[in-house]
Amino acid sequence: MSIELKSATKVYGSLTAVNAVNLDVQDGEVLCLLGPSGCGKTTTLRMVAGLEATDGGDVFIGGKRVNDLAARDRNVAMSFQFYALYPSLTVAENLAFPLHAEKHNAQVIEQKVAETSRVLQLDGILNRLPGQLAEGEKQRVAVGRSIVRDPTCFLFDEPLSRLDVQLREEMRGEIKEVLQGLSKPTVIVTHDQLEALTMADRIAVMRDGRIEQVDTPHNVFARPANLFVAGFIGTPQMNLLACTFEGMKGSAEAEFSINGQNNITLDSSQASPSDSLSQLPAGSAVTLGVRPRNLQLVSETSSSSITLSVDLIEPMGAETLAHLRNDQNSLRVVTDWKVPIDEGESVHVQFTKGTTHVFTEDELLLTTL
Ligand code: ATP
């Protein structure tokens, strides 16, 4: 079984909510659709479920084109953002409901409800009515109701959005485990990057109806395909510095001027891909992207450091987030909390090898230095 979208498109009046999206989700794979509000995540999911007709392109489930198949005939399990439990049925009865609808025998129903209940930690509340549940518990029952059947695929729309922070953290891992055991394709819509990074096998980052990058959680973080993904994934946000590529210095060093002000020389001996910078004309506008955790405060200035003053300190527990600034530039740096650093003081910041991304003028990743 697999889910495949080929150039899937949805248009509302003058708005192309989903724009020629291509996706392929395999058995047992969890794909998270991640992106800012309004980028088309839910609409994409609803096209798979059959709740929105496609205005272009095709949707396949298990290799079968389902564009013209009604939602009820697609046998997908979808858990909604705004779930509705039957208020007069207990949790156990709510869980069993989809199984009754499929006319399973009592023993099978009991066994499947018990298994789902165990996995989602519902044992203590099986006899309660929805009105007697906390929001997070209701959400878990809603998730349970969609996994209790044996559908072709699982579609979740912000499944954890109503849970409190602690439960959310617990459930991310739990749900990941449950989904891995199901060997069905799963698509999860979320705007929470931590949720996507922890639960997904692959993440599709969306913006304005388009897919910007589909890749493993590690790669969208460590190898963002373009500036949007670079800025969207990761907290604190990646530093993005407007620069001019001044050219190569020998074969293993690349020189940049940052905002026409600070010149910086970065080691390019382990650039990946390796030769792309040597083909870039000197004078090209680029953006350097470096995560706050990949900058180091050093005691001496060098050709690979820049000097700024500390504008603001934000303690974050084990780490400190420092906002730095000079005339033209600002940078965020995360340091160990023990590093002594004061507002107003002058610091030298060094770029760490293997973590500085170079984006071209058309916002695509050229190489990582
Ligand atoms: P969120 O995270 O806020 O739920 P989303 O990424 O899921 O956002 P969608 O709900 O898919 O985004 O909406 C994509 C775009 O399509 C939005 O601009 C939305 O306003 C628009 N849209 C969605 N449904 C309709 C509709 N039925 N009629 C008109 N426009 C719609």
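Residues numbered from 1 in each chain as written. Predicted model: local features only at pLDDT ≥ 70, side-chain atom pairs only at ≥ 80, totals over all residues. Heavy atoms only, no water.

### Observations regarding the packing of aromatic side chains
Link 1 in the chain: Under the defined criterion, the tally for this structure stands at four aromatic pairs.
Link 2 in the chain: Residues Tyr86 and Phe97 carry aromatic rings whose centres are separated by 4.4 Å and whose planes lie at 40° to one another, so their mutual orientation is tilted. Of this pair, Tyr86 sits in the loop between strand E6 (76-79) and helix H2 (91-101) while Phe97 sits in helix H2, and the two are eleven residues apart along the sequence.
Link 3 in the chain: Taking relative accessible area as the criterion, Tyr86 reaches 36% and is therefore assigned partly exposed.
Link 4 in the chain: Judged by relative accessible area, which is 35%, Phe97 ranks as partly exposed.
Link 5 in the chain: When the centroid spacing of 5.5 Å and the interplanar angle of 15° are considered together, the rings of Phe228 and Phe232 count as stacked. With Phe228 and Phe232 both in helix H8 (residues 227-232), this residue pair falls four residues apart, about one helical turn.
Link 6 in the chain: Lying over the aromatic face of Phe221, Arg291 brings its terminal NZ or CZ to 3.9 Å of the ring centre. (Phe/Tyr/Trp six-rings, centres within 6.5 Å; stacked < 30°, edge-to-face > 60°. Helix = DSSP H or I, 4+ residues; strand = E, 2+ residues; numbered from the N terminus. Buried < 20%, exposed > 50% of the residue type's maximum accessible area, 1.4 Å probe, protein only. Lys NZ or Arg CZ within 6 Å of the ring centre and 35° of its normal.)

### Focus on the sheet that holds strand E15 (residues 295-298)
Link 1 in the chain: With respect to topology, five strands assemble into an open sheet ordered E15-E19-E16-E17-E18, the strand pairing being antiparallel. The sheet terminates laterally at E15 and strand E18 (330-336), the two strands that pair on one side only. Ignoring strand direction, the axes of neighbouring strands in this sheet form an average angle of 50°.
Link 2 in the chain: By the bridge criterion, five bridges tie strand E16 (residues 305-315) to strand E19 (residues 346-351) in an arrangement that is antiparallel. For Ile306, the partnering residue across the bridge sits in E19 and is Val349. (Pairing = 2+ DSSP bridges. Axes fitted to C-alpha atoms, helices over the stretch in contact; angles between N-to-C directions.)

### Section: the pairing of E19
Link 1 in the chain: Most of E19 sits out of view: five of its six residues are buried.
Link 2 in the chain: Pairing of E15 with E19 involves four bridges; the strand directions are antiparallel. Note on E19: the bridge partner recorded for Val298 is His348.

### Digging into the domain arrangement of the protein
By a widespread convention, an interface's size corresponds to the accessible area lost as its parts come together.
Link 1 in the chain: You can read the domains of the protein as domain 1 (3-232) and domain 2 (239-368).
Link 2 in the chain: Measuring from the centre of the C-alpha atoms in domain 1 to the corresponding centre in domain 2 gives 39 Å.
Link 3 in the chain: Of the residues lining the interface, ten residues belong to domain 1; the matching set on domain 2 comes to eleven residues.
Link 4 in the chain: Of the roughly 940 Å² buried between domain 1 and domain 2, counting both surfaces, carbon and sulfur atoms make up 56%.
Link 5 in the chain: Of all residues in domain 1, Phe221, Arg223 and Leu227 bury the most surface against domain 2, accounting for 57% of the area lost on that side.
Link 6 in the chain: The tally of links from domain 1 across to domain 2 stands at zero salt bridges. (Domains from an automatic or database assignment. Contact = heavy atoms within 4.5 Å. Buried area = accessible area lost by both parts, 1.4 Å probe. Salt bridge = Lys/Arg side-chain N within 4 Å of Asp/Glu carboxyl O.)

### What about the pattern of salt bridges?
When the charged atoms of two side chains with opposite charge come close together, those side chains can pair.
Link 1 in the chain: In this structure the tally under the stated criterion is 14 salt bridges.
Link 2 in the chain: A salt bridge links Asp55 to Lys10, with the nearest nitrogen and oxygen atoms 3.7 Å apart. Here Asp55, found in the loop between helix H1 (41-49) and strand E4 (56-61), pairs with Lys10, found in strand E1 (residues 3-12); they are 45 residues apart in sequence, far enough to count as distant.
Link 3 in the chain: Residue classification places Asp55 among the partly exposed residues on the basis of a relative accessible area of 45%.
Link 4 in the chain: Residue classification places Lys10 among the buried residues on the basis of a relative accessible area of 8%.
Link 5 in the chain: A salt bridge links Arg118 to Glu115; the nearest nitrogen and oxygen atoms lie 3.2 Å apart. Taken together, the residues Arg118 and Glu115, both in helix H3 (residues 106-119) and three residues apart, mark about one turn of the helix.
Link 6 in the chain: Here the residues in one salt-bridge network are Lys10, Arg46, Glu52 and Asp55, joined through shared partners.

### Concerning the sheet that holds E6
Link 1 in the chain: On the basis of which strands lie adjacent, the open sheet formed by six strands has the order E6-E7-E8-E3-E9-E10 and mixed pairing. Each edge of the sheet is formed by a strand with only one pairing partner; in this case those strands are E6 and strand E10 (210-215). Ignoring which end each strand starts from, the neighbouring axes of this sheet average 15° apart.
Link 2 in the chain: Sheet topology places E6 next to strand E7 (residues 153-157); four bridges connect them, and they run parallel.

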